[in-house]
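The residues making up each chain are set out below.
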Amino acid sequence: MNLLATNVSGIADEFDVIIAGGGPAGSAAAIAAARAGCSVLVVDRGIHPRSKVCGCCLAPAGIEAIVQLGASSVLNRAQQLSTVRLECGDRCVTLQRGGGVAIGRDELDESLLGLALHHGCTVVMGAAASFDDDGSVAVRQDRIVRKIRSRVRIAADGLQGTSLDCLSKFEWRVSKSSRMGFGATVDGAALDLAREQIFMSVHEGGYIGAVRLANGRIDIAAAAHPSVIRDAGGVAPLAVRWLGSHLRSGSGLGAAEWRGTPLLTRRRIQLACDDVLVAGDAGGYVEPFTGEGMSWALATGSAAGSHASAMIFTNASSEKWPSITNRIVRSSRMRCLITAHLLRHPRLLRSAIRTAQFFPSLADRVASAFGSDIDAPACSRICGKAPQ
Ligand SMILES: Cc1cc2nc3c(=O)[nH]c(=O)nc-3n(C[C@H](O)[C@H](O)[C@H](O)COP(=O)(O)OP(=O)(O)OC[C@H]3O[C@@H](n4cnc5c(N)ncnc54)[C@H](O)[C@@H]3O)c2cc1C
């Protein structure tokens, strides 16, 4: 697949829908809008294969969203997941948590964009989109700038997106207690980690997770308060400390290509205005612990594509978009916020794990924090002491 085929100078002046961002939200929006009969332009700043800080665990709700998009082939090479091993201080628990998969972000994002191309969308990579207040989109690729017009513009450019920078109505509200994300993909021999298992380790000031991808490599992702990263001397030393005895000697973590994110817990003041809809992380994010960001992005992206087509073909208004997107993510976002709050108190989590030894239903509660609970019984097996 050649996602670089389209040069910005060769594309049309006008589309029904222009989407900034070709991550899960942008691709889902593009596929949904194209399936509804719209002409679609997707613009992404990155060039594949591009990496993204992500735990790479796709929850059952995300799998369902991909199936609904007619994109199940994307999951052919994903790694099935069956358990979560959760460690906190000297306690650990292994929870049965089937139904999810691990999939590398370069692979998932490139496959979804490929599907958007297959549905007739125009995809421009290596170009930044900026929504202007005259209703156009400025697309910059190398030294060329094109002004393209559309009926609907969708901002799906994630936490680090810049497409809305010129529209002050869409400012961010960032939580003061927010953590930052960081991550890397490392050699499969770096860590003791069972296939089909998500490993999570919770500490004062943050947590770290790891999962084995289908190609055998290990994806590591973490969230930490900026002061904790600073005190540890950077993200690599912090990862080494938090992964502790699970690391094999010569793991090479220090030499890995670590990437970071801005502060994670944030929301846009507005999610829609006139012809603009905001979807996925570009609208807001909480924290990665529950592994739902991609599911939210796919669901809100897909709904944004459908709503854009309703705005074009039936004169629906963008005013309804905030309530549509809130309805999609409200309950799982609330659970994620509560989980993020509890994780600020690892002592509570340690006590919960210890108590769960005697009350398995409590362990089920802990397990339900990991993604949405779709046909995945969360019966648990308690392990007791974690290796120190
Ligand atoms: C540490 C960490 C771990 C995580 N773990 C998980 C997990 O295990 N499971 C899970 O479901 N979620 C996880 N997430 C969340 C998940 O990564 C995001 O929620 C998801 O990627 C959001 O998708 P998106 O399409 O909204 O944005 P993104 O995936 O960020 O895509 C945005 C795209 O927009 C492009 N872009 C940016 N600006 C512009 C511009 N001006 N013009 C054009 N293109 C632009 C970027 O190149 C990018 O391709 C994790 C997040 C973090 C930080």
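Structural data are supplied above this passage.
These remarks concern the structure in this document. (Residues numbered from 1 in each chain as written. Predicted model: local features only at pLDDT ≥ 70, side-chain atom pairs only at ≥ 80, totals over all residues.)

With 119 residues, the main nonpolar core has I19, A29, V40, A116 and I154 as its most contacted residues. Each of two domains, domain 1 (8–53 + 105–171 + 267–339) and domain 2 (57–103 + 176–263 + 342–385), supplies a minimum of three residues to this core. Once you skip the residues sitting within four places of it in the chain, A29 turns out to touch I19, I154, A156, A279, G301, S302, A304 and G305. (Core = buried A, V, L, I, M, F, W, Y, C linked by C-beta atoms within 7 Å. Buried ≥ 20, exposed ≤ 12 C-beta atoms within 10 Å, placed from the backbone. Domains from an automatic or database assignment. Contact = placed C-beta atoms within 7 Å.)

Whether parallel or antiparallel, the strands of a sheet pair through hydrogen bonds between backbone atoms. Strands sit in the order 3-7-4 across an open sheet of 3 strands; the sheet is antiparallel. Each end of this open sheet is capped by a strand with a single partner; those strands are strand 3 (57–58) and strand 4 (79–80). Direction of pairing for strand 3 relative to strand 7 (residues 101–102): antiparallel, over a ladder of 2 bridges. Bridge pairing links L58 to V101 in strand 7. (Pairing = 2+ DSSP bridges. Helix = DSSP H or I, 4+ residues; strand = E, 2+ residues; numbered from the N terminus.)

We now examine the site of the ligand. Contacts to the ligand come from 45 residues, most closely from G23, G55, G158, G280 and G293. At the level of secondary structure, the elements contributing two or more residues to the shell around the ligand comprise helix 1 (24–35), strand 2 (40–44), strand 3, strand 9 (128–131), strand 13 (180–186), strand 16 (218–224) and helix 6 (293–313). In terms of residue class, the shell around the ligand is made up of 20 nonpolar, 19 polar and 6 charged. The two domains that each donate at least three residues to the shell around the ligand are domain 1 (8–53 + 105–171 + 267–339) and domain 2 (57–103 + 176–263 + 342–385). (Near = placed C-beta within 6 Å. Nonpolar A, V, L, I, M, F, W, Y, C, P; charged D, E, K, R; others polar.)

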